[in-house]
Amino acid sequence: MSTLKKRHLGALEVSAQGLGCMGMSDFYGGGDDTESTATIHAALDAGVTLLDTSDMYGPHTNEVLVGKAIAGRRDEVVLATKFGVSRDPDDPSKRRVRGDAAYVREACEASLRRLGVDHVDLYYQHRVDPSVPIEETVGAMAELVAAGKVRHLGLSEAGAGTIRRAVAVHPIAALQTEWSLWSREIEDEILGTCRELGVGVVPYSPLGRGFLAGRFTTAADVAEGDTRGTHPRFTGENLEKNQAIVAALRSLADERGVTAGQLALAWVQSRGDDVVPIPGTKRRAYLAENVAAASIELSAEDLAAIEAAVPPAAGTRYPEAAMGQLGI
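Residues numbered from 1 in each chain as written. Predicted model: local features only at pLDDT ≥ 70, side-chain atom pairs only at ≥ 80, totals over all residues. Heavy atoms only, no water.

## Description of the sheet that holds strand β3 (residues 19-20)
Thought 1: Strand order across the open sheet formed by seven strands is β3-β4-β5-β8-β9-β10-β11, with parallel pairing between neighbours. Unpaired on one side and paired on the other, β3 and β11 (200-204) mark the two borders of the sheet. (Pairing = 2+ DSSP bridges. Helix = DSSP H or I, 4+ residues; strand = E, 2+ residues; numbered from the N terminus.)

So, in structure tokens, the structure goes:
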């Protein structure tokens, strides 16, 4: 029996917590499709409705995995996918951002085929294309809504000005962006803009890519093929400084009888009823831990203690090249 409450992203009703599916297929080391499928099924059984994927994860293979996993259970799922980051088929590490209208249509048709569905509930532009006016991109996305291929629109890693221009073309249900105790840039301007315009917020990496859950104590804990090994927060002096943050968080969590990851996730869940984090996992055990965090109630004193103990992370969110693709 699900204990997850419902929240709204614009006009779209979803579970209070979603599931990020990226790591099942890409970026975080080897995958196990059988366990990943079981994790998706367990999420649906637990009342998680929002499943998040993208055409760039794999590339393409994560959409196929998610599509197969939800076959027969489509009516239980609020399905979100993304377009906009085109990866070189010969060298997936090479990528370009595209937002032209023709590509929007082409990408959507390809995603629908891979997912095995006739519509996507939430369709995001994964990264804003600086060479294409956002009005063109969102205009093409709006045509997909009119055609019944997409229900709601979203943006990912867009700045406040871009969000305003997008909303002027078509309602935007959600902004997906990184937001956690140690990544709080959204709070400077973007969050207020979203709330003014009725745009919900979907935080990805609410556990700091697993770091805030205490899963990385040395560089050796990052598996071969895991791109986190290239992230500044997981290397060198930054790694040591960030370990101190996790130690402080774990101490607070121990006092409250929960894990450090649960406390960090509960903090994100506490940010508002228009906030729906999508912690990613490919294992059922971590899924259960994450879902349990959605029911943790934090007092004003708890929140103050957590925020005092956990400053922003040492190091940037991504390596320099990827930071340059963020629209904020």
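Moving on from the coordinates now.
## Description of the pairing of strand β9 (residues 150-156)
Thought 1: With five of its seven residues buried, β9 lies for the most part within the structure.
Thought 2: Bridging between β9 and strand β10 (residues 174-178) involves three bridges; their strand directions are parallel. In the strand pairing of β10, Ser-156 is matched with Gln-176.
Thought 3: Note that the unit made of β9, helix α5 (residues 160-169) and β10 has a crossover that is right-handed. (Buried < 20%, exposed > 50% of the residue type's maximum accessible area, 1.4 Å probe, protein only. Right-handed = clockwise from strand over helix to strand, strands pointing away.)

## A word on the packing of helix α3 (residues 101-115) against helix α4 (residues 134-146)
Packed helices, taken two at a time, are described by their axes: the angle between them and the distance between them.
Thought 1: Put simply, α3 and α4 touch, their axes get as near as 8 Å, and they point 40° apart. The element α3 and its partner α4 pack so that their crossing is right-handed. In this structure, α3 uses Ala-101, Val-104, Arg-105 and Cys-108 to contact α4, whose residues at the interface are Glu-136, Thr-137, Ala-140, Met-141, Glu-143 and Leu-144.
Thought 2: Of the residues in the contact of α3 with α4, the class split is six nonpolar, one polar and three charged. (Axes fitted to C-alpha atoms, helices over the stretch in contact; angles between N-to-C directions. Left-handed = near helix turned anticlockwise from the far one by under 90°. Contact = heavy atoms within 4.5 Å. Nonpolar A, V, L, I, M, F, W, Y, C, P; charged D, E, K, R; others polar.)

## Describing unusual backbone geometry
Thought 1: In this model, Gly-58 is joined to Pro-59 through a cis peptide bond whose omega is -5°.
Thought 2: Within the secondary structure layout, Pro-59 lies in the loop between β4 (50-52) and α2 (61-70).
Thought 3: Notably, Glu-157 is not glycine yet its phi reads approximately 55°, a positive angle.
Thought 4: As for its position among the elements, Glu-157 is in the loop between β9 and α5.
Thought 5: The class for Glu-157 is buried, based on a relative accessible area of 0%.

Take it as geometry only, folks, not as evidence of what the structure does.
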